[in-house]
Amino acid sequence: MSGPVPRRPLPWPPRARKLWEKFRHKSKVQAARRRAAMARHCGVRAAGLWARLGTGCPSHCLWGWHLSPGLSAARLAHAGAADQLQREYDAVVIGAGHNGLVAAAYLQQAGVRTAVLEKRHVLGGAAVTEEIVPGFKFSRASYLLSLLRPQIYTELELQRHGLRVLLRDPYSFTPLLEDRRPPRSLLLGHNMAQTQQQIAQFSQKDAQVPQGHAPSMAKLPRGHPAHRVAGMLLGGVSIAPTVVQSLLSPPLSSFQAYPEYEAFMGGLVSALDPLLDAPPVDTAALGQGSLLQRLRALRALQPLLRAGLALGQQLPRYYEVLTAPISKILDQWFESEPLKATLATDAVIGAMASPHTPGSGYVLLHHVMGELEGQRGAWGYVAGGMGALSQAIACAAAARGAHIFAEKAVCHVLLGRDGRAQGVTLQDGTEVRSKLVLSNASPQITFLELIPQEQLPKDFVRQIQQVDTRSPVTKINVAVDRLPSFLAAPNARDGQPLPHHQCSIHLNCEGTHLLHQAFTEATHGHPSSRPMIELCIPSALDTGLAPKGCHVVSLFTQYTPSVLAGGRPWDEQARNAYADTVFDCIEAYAPGFKASVIGRDILTPPDLERIFGLPGGNIFHGGMSLDQLYFARPVPSYSGYRSPIPGLYLCGSGAHPGGGVMGAAGRNAARVALQDFRRL
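Here is what the cut-offs are and how they apply
Residues numbered from 1 in each chain as written. Predicted model: local features only at pLDDT ≥ 70, side-chain atom pairs only at ≥ 80, totals over all residues. Heavy atoms only, no water. UniProt positions renumbered as here; feature names shortened; annotations may be inferred. Helix = DSSP H or I, 4+ residues; strand = E, 2+ residues; numbered from the N terminus. Contact = heavy atoms within 4.5 Å. Areas by Shrake-Rupley, 256 points an atom, 1.4 Å probe, with all protein chains shown as cover. Polar contact = N/O pair within 3.5 Å; in protein donor to acceptor, adjacent residues only side chain to side chain. Buried < 20%, exposed > 50% of the residue type's maximum accessible area, 1.4 Å probe, protein only. Phe/Tyr/Trp six-rings, centres within 6.5 Å; stacked < 30°, edge-to-face > 60°. Lys NZ or Arg CZ within 6 Å of the ring centre and 35° of its normal. Core = buried A, V, L, I, M, F, W, Y, C linked by side-chain atoms within 4.5 Å. Pairing = 2+ DSSP bridges. Axes fitted to C-alpha atoms, helices over the stretch in contact; angles between N-to-C directions. Parallel < 35°, antiparallel > 145°, perpendicular 65-115°, else oblique. Nonpolar A, V, L, I, M, F, W, Y, C, P; charged D, E, K, R; others polar.

The protein goes by Pyridine nucleotide-disulfide oxidoreductase domain-containing protein 2 in an unreviewed UniProt entry, where it is assigned to Accipiter nisus. Check the Subcellular location (unreviewed entry) section of the UniProt entry for the protein; it says "Mitochondrion matrix". For the record of the protein, the UniProt heading Function (unreviewed entry) holds the text "Probable oxidoreductase that may play a role as regulator of mitochondrial function."

**Topic: the overall build of the protein**
Helix and strand counts for the protein stand at 22 helices and 23 strands. Sequence-distant contacts, at least 24 apart, represent 71% of the contacts inside the protein between residues at least 6 apart. Accessible surface computed for the protein: about 29,400 Å², of which carbon and sulfur atoms make up 55%.

**A few points about the side chain of Ser 172**
Among the secondary structure elements, Ser 172 is positioned in strand β7 (residues 172-175). Within the local environment of Ser 172, its side chain forms a polar contact with the side chain of His 506, the two groups lying 3.4 Å apart. Not counting residues within four places of it along the chain, the set of residues in contact with Ser 172 comprises Leu 186, Leu 187, Leu 188, Thr 342, Cys 503, Ser 504 and His 506.

**With respect to the environment of Ile 326**
Its location among the elements puts Ile 326 in helix α12 (residues 326-333). Ignoring anything within four residues of it in the chain, the contact list for Ile 326 reads Ala 344, Ala 347, Pro 355, Thr 357, Ser 360, Gly 361 and Leu 364.

**So, unusual backbone geometry**
Excluding glycine, a negative phi dihedral is what most residues carry, and trans is how most peptide bonds are arranged. In this model, Arg 181 is joined to Pro 182 through a cis peptide bond whose omega is -5 degrees. Following the sequence through the fold, Pro 182 ends up in the loop between β7 and β8 (185-188). Positive phi, normally seen in glycine, also occurs at Asn 508, with a value near 60 degrees. Mapped onto the elements of the fold, Asn 508 is located in the loop between β19 (504-507) and α18 (512-523). Of note in this structure, Ser 637 is not a glycine but carries a positive phi near 75 degrees. Among the structural elements, Ser 637 can be located in the loop between α21 (605-612) and β23 (648-650). You can call Ser 637 exposed: its relative accessible area is 60%.

**Quick notes on the packing of aromatic side chains**
Taken as a whole and judged by the stated rule, the model has 15 aromatic pairs. Taking the centre distance of 5.4 Å and the plane angle of 85 degrees together, the rings of Phe 583 and Phe 593 count as edge-to-face. Taken together, the positions of Phe 583 in helix α19 (residues 572-589) and Phe 593 in helix α20 (residues 593-596) put the pair 10 residues apart, joining distant regions of the chain. By the burial criterion, Phe 583 is buried, and Phe 593 matches it. Within the aromatic cluster, the residues linked to one another by ring pairs are Tyr 258, Tyr 261, Phe 264, Tyr 318, Trp 333 and Phe 334. Lying over the aromatic face of Tyr 381, Arg 168 brings its terminal NZ or CZ to 5.2 Å of the ring centre.

**Considering the nonpolar core**
The biggest cluster of nonpolar side chains holds 74 residues, and the ones touching the most others in it are Leu 117, Leu 145, Leu 156, Leu 158, Leu 389, Val 424 and Leu 438. The leading source of residues in this core is helix α15 (residues 386-399), at 8 residues. If we skip the residues at most four places from it in the chain, Leu 438 touches Val 92, Val 93, Ile 94, Ala 103, Leu 107, Tyr 649, Cys 651, Ala 669, Ala 670 and Ala 673. Core analysis: the second largest hydrophobic core is formed by 73 residues, Met 265, Leu 268, Tyr 559 and Ala 664 among them.

**Let's talk about the environment of Val 165**
Positionally, Val 165 belongs in strand β6 (residues 165-167). The spatial distance from the C-alpha of Val 165 to the C-alpha of Ala 388 is 9.9 Å, given a sequence separation of 223 residues. Excluding its chain neighbours within four sequence positions, the residues that come into contact with Val 165 are Leu 145, Leu 372, Glu 373, Gly 380 and Tyr 381.

**Some remarks on the pairing of strand β4 (residues 129-133)**
Relative to strand β5 (residues 136-139), β4 runs antiparallel, the two being bridged by 3 bridges. Residue pairing in the sheet places Thr 129 in a bridge with Ser 139 of β5. Linkage of β4 to β5, two consecutive antiparallel strands, is achieved through a turn of 2 residues, within which Gly 135 is found at a positive phi near 90 degrees.

**What to know about the pairing of strand β18 (residues 474-480)**
A regular strand places its side chains on the two faces of the sheet in alternate fashion. Most of β18 sits inside the fold, with 7 of its 7 residues counted as buried. Two elements, β18 and strand β21 (residues 551-558), share 7 bridges in a ladder whose sense is antiparallel. Across the sheet, residue Thr 474 finds its bridge partner in β21, namely Thr 557. Where β18 and strand β22 (residues 597-603) come together, 6 bridges link them in antiparallel fashion. Paired with Val 480 across the two strands is Val 597, which belongs to β22.

**Looking at the packing of helix α4 (residues 192-200) against helix α8 (residues 258-272)**
Relative placement of two packed helices is described by the angle separating their axes and the distance separating the axes. In contact at an axis separation of 10 Å, α4 and α8 are set at 120 degrees when each is read in the N-to-C sense. When the interaxial angle is binned, α4 and α8 end up oblique. Only Tyr 258, Pro 259 and Glu 262 of α8 make contact with α4, whose side of the interface consists of Met 192, Thr 195, Gln 196 and Ile 199. When grouped by side-chain class, the residues that make up the contact of α4 with α8 number 4 nonpolar, 2 polar and 1 charged.

Right under this line is the structure:
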């Protein structure tokens, strides 16, 4: 028996078939055109980038970008100049400093079409790698990494985009100038027992844990109540063991040991850490708007309340750390001058302040807030120089679709009739429209140069003009043909780096009085005759920065005033005279240093301002004193990244939480801008 006869499909009406064939043909043609356009747009660029860079960074989003010498000196090729810079984006970021690149990555990740416009030929702001002396790759301004927020490292997958960090242990070396032979030195590292032995050279009291002292959290049994307290949650935030340890500790008068000082500072850092990742509380919003808006504003109080709860009964002691001179705090803990001076350097670095200046304790805290690979307070070198960090962030932003352009200087922000930011105008006259504008430039450049003054409140302009941007810093990058050999720790016969060569090497730090003396000279307009010097040799760990047998030396020195006495300029003669003073000081600690110098790059405060846009040469875009932090950064009432111009946001170091290669300002500003963008 035969099966059922299959039904034949009904014939199409001639007109319907004709329309269908026409539609199919048109669709195939359009798809082919799209594929061809995509190939033209991405193919050549992607092939060129993979050949030069060897990473997954999509080159169709990176135009006119010079790679740092650590990876390639070639400029990325581009095709079709007419379609490089689009005339309209959802957001434009002014400046490709690390904060600007971070902001772009987060905005683009949220689906906001973003362009980054950088005036220089390299990305990264002050976090760049440049070959000033042929064959030597310098982290020309910023030179160490620690403060980068761990969330950014993880969320942007920076390791996948090429970031590699070289941890330093030991991390601090302070050789002394003294009559005894050989001179002593102080070497600090993460091994507490070895560090205590080093401190004991100068003071047994400073090194040893007092009898009957509260035990360390690490030594308490697992079931101890302190560990249960440490596991409690307050509003979803854990209380770190270091905080609990500080609460269990005896009164300050009985503190005599370096380990307890570390635990005490660790407790303060753990309590304040959440404040870095949220905008400051908008106090004006608490009393304005509808009930719902006020309740939303109250949510911003959570990080502040959690910090207060974490500090608990120790709040008065921690308050003293934040407000007192660091010399007073260190005198309560230690008697050894080399130890106190070494620790005090972190309290004054980058600041026109003395260890005796009230509030200098916070700057020290700012520099111990960092974390690398889960290790609190660790500092390290970026393989390839600091420019490699900027490139990793740029690749992360580009991989999400952000467009990044070098040599595109913005001359002013476009404003609509309603006073809202509507984009930017480049120096060549090109207008780029956008709904959001984020400025990675300093508050001074953003509001005093890019915005017409009549568009801003007079009080706001006056406050921006009064921000303290004094800088004590002169950065000197040096190429040498051999490692410095210190009297306190002579080199090995084979000339290979020793543990202390990877450290921050502190010179002229025999006592805090020397730091104060150097500061006093600068306040009278004279460069310090015996400056505070932080000497780093990144090539001791990263051999690719210099030719074989040679090294790059970073000298972060202070104090040098922005304006010399009598109004004298920082001309070539003044710069070289100061550099010679610095080299003479190093020679006293490491004879033969001056003879090893191949070349040098001297960056005084005016140079740092001219090249990197740092106001007054200030590496933080403004002082980190308590009157210029949190609620008041950059000025009161505008500390939450928004500005008097709707649609214009500050995302650089001049905003909360301040300077350093941290990225928090960029991440926080992007989140605030994204909230406003979604409301548009």
